[in-house]
Each structure stands twice: as C-alpha cells, then as structure tokens.
Amino acid sequence: MADPAERVAPASVCHVHSHQAQGSPGKISSIPAPMHPTLVWFENDLRLHDHPALEAAARGGAPIVPLFVWNGGDGWGKGAASQWWLHHSLVAFSDSLADVGLSLVVRRGDPETIVPEVARSINAGLVTWLERPDTARAERDSRIEKALECPVRRFGGALLHDPEQIRTGSGGPYKVFTPFYRKFAEEVAVEKPSGVAPLDGLESPPSIDSESIDSLGLLPTIPWDEGLAECWTPGEAGARSRLADLELEDYAEERDIPSIEGTSRLSPHLHFGEVSPREVWHVVGNIEPYRRQLVWRDFAHHLIHHFPETRDRPLRKEFESFPWRRDDEELARWQKGQTGYPIVDAGMRQLWHTGWMHNRVRMVVASFLTKHLLHTWLDGQAWFEDTLVDADLANNVFGWQWAGGCGADAQPFFRIFNPMTQGKKFDPKGAYVRKWVPELADLPNKVIHEPWTADNVPENYPAPIVDHKEARERALSAYQKTRN
Ligand SMILES: Cc1cc2nc3c(=O)[nH]c(=O)nc-3n(C[C@H](O)[C@H](O)[C@H](O)COP(=O)(O)OP(=O)(O)OC[C@H]3O[C@@H](n4cnc5c(N)ncnc54)[C@H](O)[C@@H]3O)c2cc1C
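Residues numbered from 1 in each chain as written. Predicted model: local features only at pLDDT ≥ 70, side-chain atom pairs only at ≥ 80, totals over all residues. Heavy atoms only, no water.

**Q** Break down the side chain of Arg 362 for me, citing the residues and quoting the values.
**A** Within the secondary structure layout, Arg 362 lies in helix H16 (residues 359-372). Setting aside chain neighbours within four positions, we find Arg 362 in contact with Trp 356, Met 357, Phe 384, Leu 388 and Asp 390. (Helix = DSSP H or I, 4+ residues; strand = E, 2+ residues; numbered from the N terminus. Contact = heavy atoms within 4.5 Å.)

Okay, structure coming up:
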C-alpha cells in the first residue's frame, strides 16, 4: 500500500522529500515511529481543510504538534495591515485546532533555529509542511530540512501548479501570460481538494511551551484598524463563508466596476492560506474569467520563483536606469488620497480604510504614481505592502511592475492611463468616488471625475497635483531617454 502521506498529495501539486528517499545513510534509521510525534510547521497556510501536510500527519497516526514561528514575516506578512490580519487569523486557527484537541505552539524567532529545536525537544518522528513558492523561503526551508534529524515531508498546496512544472519550449520560464495560460490549460489538471484532515482519536502530544499570540505584538498600538474589522473576518471560517456566498455568474461584466462587490474579495484569505486555491478553483466551477484570475496568481508566483531578484529590481533591465523622481510631499499626497484626481483619491482612501482596493483602481493608482508622478514602483509597492491586507510578495511585485511598464507582460510605459477617462468608463455615475471622497458627493455626474471644471469647485478638495497633459509628456520624455 502506498504511503498515506504520498496518497494525499497528488503528483501535480506536491513534492515529497524524505531523508529516506534521499538515501542519507545516517538518517535511514530514523523511520517515523508511530509514537514519535509529528511536527506540522505552519506559516501562511492557516487552515484545516485541504492541507496535505496536516492530512499526512493525521493519517500517520502519531500525536501531532502544530507549530507557528514568527520572525517578522519577511516576504509574506511584514506590513501593518497584514499583521493585523495575521493576529486574527492565528487566533481563529488556534481555536479550530483546539476544537479537534490540538494546541498551536507559537514561537518567535528564526525558523532555522526554532523548527529543529522544537523537533528535537519533542523527539519528532516526522516534520512536515507546505512548500512556500518564493525562492527565499524555499531555500531557507531546504536548509531547515538538512538541519533536521528526522524525516521531512514537504507538500504543494499554496498554488494550483508547481512553479517548476510549466516551461517554455526551450525549457525556460514564461514571461508572457497568454502562452503561460495556454500551457497551464494543457498541462495542469487541478486536483480536487481534500476535506478536513482526520484528526480524531490521535494520542495527545507532549506538552510544550508556547508564547501567546498577543505577545507577538501584531496588533497596532494606536487604533487605526476599525475599518478593517468592519470589512473582514480573518480566518478559515471567514474564508469558507465568503467562498460559500460567492455569486460570480456576472463576474466578467462586473469585475471592473469598483462601486459594487463584483469580485470575490478572497485575496487575503488566499494569501494567508485560509482556503486553498484548488478548492476555490473547484468551487467556482467553469467560470473561466474567474479561473483565469487564479492563474494570474500562479503566473505571478511563477515569475517570482524564477526571477527572485525582481522583488526589488525590475524584470526589464532597461528600467534599472530610469530617471525616477522623488518628492516626499507628492508621495504623501498620493498615499493620503489628496492628489486632486477623484478616482485615484477614492482608491487610496478605500485602501487606507479597508486594507483592500479594487483591482481596476489598483491599476489606475499605480499608473498614476509611476507615470504621472514618475515615482519608482518600489515606493508604491512598499505602501501597498504596509497597507493591504492581501499584501503578497509575488502579486504585489507583479502588479507594480506591470503598471510601471517594467515587468513581465507589462502595460507598455507609453500607455498612460488617463484617470478621468478611467473614472468615466468604470465609475460613470461616480458612485465609487462619492463613497470614498465625500467632499465631491454633491457634484453632478458629468464633472465628478474632473471637479476642477465644476461651476462650484468644492473648496475642501485639492486642485490636481499635476496637470494631466504635462505629466503625460514628462513621462513619455523620460521613457524616451531610457530607450535612447
Ligand atoms: C499595483 C497592483 C498591486 C497588487 N498587489 C496585490 C497584492 O499584494 N496581493 C494580491 O493578492 N493581489 C494584488 N494585486 C492583484 C489584484 O488587484 C488583487 O488580487 C485583487 O484585486 C484581489 O481582489 P479579489 O480577491 O476580489 O479578486 P478576484 O477578482 O475575485 O480574483 C480572484 C483571485 O485571483 C487572484 N488575482 C486576481 N487578479 C490578480 C492579478 N492581477 N494578479 C495576481 N493575482 C490576481 C487573487 O488571488 C484574487 O483573490 C495587485 C494588483 C495591482 C495592479
């Protein structure tokens, strides 16, 4: 009979590594003994459903010690809004584990020290976790695997596909979405998700010290998080309830309209692994435009996996020497939603208040910062990283480099979104602007995206930070210099 751990982890999305498989003679003797506890190490995969590593541990029959190690979340949970989310997600996860008789062990420090230390202290027979697709964490995990003195099993589950699986005809990674998507459709059969791991009837694990979730200090010290709490329910139950309530029949038509809930708002739940992407894939069924967005997510992770340097450098090398400007006052006005361009300001205020911004508006505000204001995409990426509840290294880098014209399959630099046209097209009655920029609420539809043309220009709303036409010409000329 196949090893249960291997059975639960389908080949297309899973890697199984064990010291036995790698043939390390010193470690062959440490075959998992049933009574030796299994250590399951969680990071941004805080769920009980469709978690192959937890399921493998449960099927192994040994007592389970679930471990979470916090070291600042570099690359996946560093920002203030992310940390707010993480706190609540950890509380919810810890409660769910307690319901099935497991106690989450929380530690602060470097996982390279702590994971082997905890494994040793419980005399673990097996350590298991879900693979992290970004290269920095994957390399760290490989070092941890080497340092462990017992077998290790690592599983896929963070993405729909294994980032090594899809290659161009010449064996390289893809840089353009459409052929990537075609290849994905040909080669990836997204596995059905499994349910909750069978955790009943396991022996109690040894008691082991844990820090409290509160002591990680993830919550803000000044209360700016009310808006976030109004909008979101972090944790697996919140994710599953959002998934159960999805109505995506009109997704293709509605996904670009920021004033309505036309998208799933699953991004933070996906980022923190409270629901698996393959479960979302199967629940939404054949709604191709939605599934396509999930594949964009895999594409962004494919890129950061193969081009890890792009976390702070442009994929298109000519942009290394781009003449970006730096003006702290302008940056602050953009961050606060005080640029004088209503659609931009509405987006930035939605972000500040809710920790999330509609995708169409993310594209507009990112284009505005990089092209109208000529600020580097890194400034925008950093602000998003701090303020988005779904801040995700791969998606954020990808989105910013796309908007700034310097990434894979990017919007060419010379295509500059016109904020007035974008507003009129996607928010024709100004409902989105009226909600987030109340100073403009009384303006008629025809001027709401150009308030400076109104008969009564609202006094408490700023004049445009730059003239659209001049800013456009300045951006094109900077681009021309780089090309030359
Ligand atoms: C400048 C910029 C920065 C961005 N930063 C992030 C980020 O840090 N984290 C993040 O999750 N998304 C980011 N995105 C992508 C996108 O805006 C969000 O994923 C989306 O708005 C989330 O809302 P939703 O869950 O309702 O999306 P839906 O429309 O319901 O899409 C479903 C899921 O598909 C994925 N997805 C959708 N669009 C994209 C995309 N363009 N790229 C990659 N994945 C996508 C997300 O996981 C999303 O939850 C960014 C986009 C831009 C333009």
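**Q** Quick rundown of the layout of surface pockets? Include the residues and the values.
**A** If you add up the space inside the largest pocket, you get close to 1100 Å³. Taken together, 36 residues line the largest pocket, and the ones lying closest to its centre are Arg 255, Gln 293, Trp 296, Asn 359 and Asn 395. Looking at the lining of the largest pocket, the elements with two or more residues in it are helix H11 (267-271), helix H13 (288-306), H16 and helix H18 (393-403). Taken together, the residues of the lining of the largest pocket break down into 18 nonpolar, 9 polar and 9 charged. (1 Å grid on protein atoms, 1.4 Å probe; cavity = no way out; pocket = protein on both sides within 12 Å on 5 of 7 lines; lining within 4 Å. Points joined across faces, edges and corners; volume = space filled by probe spheres on them. Nonpolar A, V, L, I, M, F, W, Y, C, P; charged D, E, K, R; others polar.)

**Q** Any chance you could break down the domain arrangement of the protein chain for me, citing the residues and the numbers?
**A** The domains assigned to the protein chain are domain 1 (4-157) and domain 2 (317-483). For domain 1 and domain 2, the distance between their C-alpha centres works out to 40 Å. Each side of the interface is counted separately: domain 1 has 10 residues, and domain 2 has 7 residues. Summing both partners gives a buried area of about 640 Å² for domain 1 against domain 2, and 53% of it is carried by carbon and sulfur. For the pair domain 1 and domain 2, the interface holds 2 residue pairs in polar contact (both at pLDDT 80 or more). Taken together, the residues of the side of domain 1 that touches domain 2 sort by class into 5 nonpolar, 3 polar and 2 charged. (Domains from an automatic or database assignment. Buried area = accessible area lost by both parts, 1.4 Å probe. Polar contact = N/O pair within 3.5 Å; in protein donor to acceptor, adjacent residues only side chain to side chain.)

**Q** Please give an account of empty space enclosed by the protein that cites residues and values.
**A** Over the atoms rolls a probe the size of a water molecule, and its path tells where empty space is left. Here the structure, examined in full by the defined rule, presents 3 cavities of 30 Å³ or more. Each pocket or cavity is described by its volume, and for the largest cavity that value is around 260 Å³. Lining of the largest cavity is provided by 26 residues; of these, Asn 44, Pro 133, Arg 137, Ala 158 and His 271 occupy positions nearest its centre. It is H13 that provides the largest number of residues to the lining of the largest cavity, a total of 3 residues.

**Q** How would you explain the packing of aromatic side chains if you had to name every residue and give the values?
**A** Summed over the entire model, instances satisfying the criterion amount to 33 aromatic pairs. With 6.4 Å between their ring centres and 70° between their planes, Trp 76 and Phe 272 make a pair best called edge-to-face. Here the residue Trp 76 occupies a position in the loop between strand E2 (64-70) and helix H4 (80-99), and Phe 272 occupies one in the loop between H11 and helix H12 (277-284), the gap between them amounting to 196 residues. Residues Trp 76 and Phe 272 agree in their burial class; the two are buried. For the pair Phe 414 and Tyr 479, a centre-to-centre distance of 6.3 Å together with 50° between the ring planes defines the contact as tilted. Linking Phe 414 in the loop between H18 and helix H19 (419-426) with Tyr 479 in helix H21 (residues 468-483), this pair joins segments that are 65 residues apart in sequence. Look at Phe 414 and you get partly exposed, because its relative accessible area is 43%. When its relative accessible area of 9% is taken as the criterion, Tyr 479 is described as buried. An aromatic cluster is present here, built from Tyr 174, Phe 177, Phe 180, Tyr 181, Phe 184, Trp 281, Trp 296, Phe 299 and Phe 398 joined pairwise through their rings. Over the ring of Trp 41 we find Arg 132; its NZ or CZ atom is 4.0 Å from the centre of that ring. (Phe/Tyr/Trp six-rings, centres within 6.5 Å; stacked < 30°, edge-to-face > 60°. Buried < 20%, exposed > 50% of the residue type's maximum accessible area, 1.4 Å probe, protein only. Lys NZ or Arg CZ within 6 Å of the ring centre and 35° of its normal.)

**Q** How would you explain the environment of Asn 418 if you had to name every residue and give the values?
**A** Following the sequence through the fold, Asn 418 ends up in the loop between H18 and H19. Sequence separation of Asn 418 and Ala 237 is 181 residues, and the distance between their C-alpha atoms is 40 Å. A polar contact is formed between the side chain of Asn 418 and the backbone nitrogen of Met 420, at a distance of 2.8 Å. Of the polar contacts made by the side chain of Asn 418, one reaches the side chain of His 468; its length is 3.4 Å.

**Q** Residue-level account of the site of the ligand, with values.
**A** In the neighbourhood of the ligand, 27 residues make up the surrounding shell, with Tyr 251, Thr 263, Ser 264, Arg 265 and Asn 359 lying closest. A distance of 2.8 Å separates a nitrogen atom of the ligand from a polar backbone atom of Asp 390. The side chain of Asn 396 places a nitrogen or oxygen atom 3.3 Å from a nitrogen atom of the ligand. The fraction of the free accessible surface of the ligand (830 Å²) that becomes covered by protein chains is 96%. Taking a 2 Å distance to the grid points as the criterion, the majority of the atoms of the ligand fall inside the largest pocket. Of all the elements in the fold, those that place two or more residues in the shell around the ligand are H11, H13, H16 and H18. Per-element tally for the shell around the ligand: the top contributor is H13, with 5 residues. (Near = heavy atom within 4 Å. Areas by Shrake-Rupley, 256 points an atom, 1.4 Å probe, with all protein chains shown as cover. Sits in = over half its atoms within 2 Å of the grid points.)

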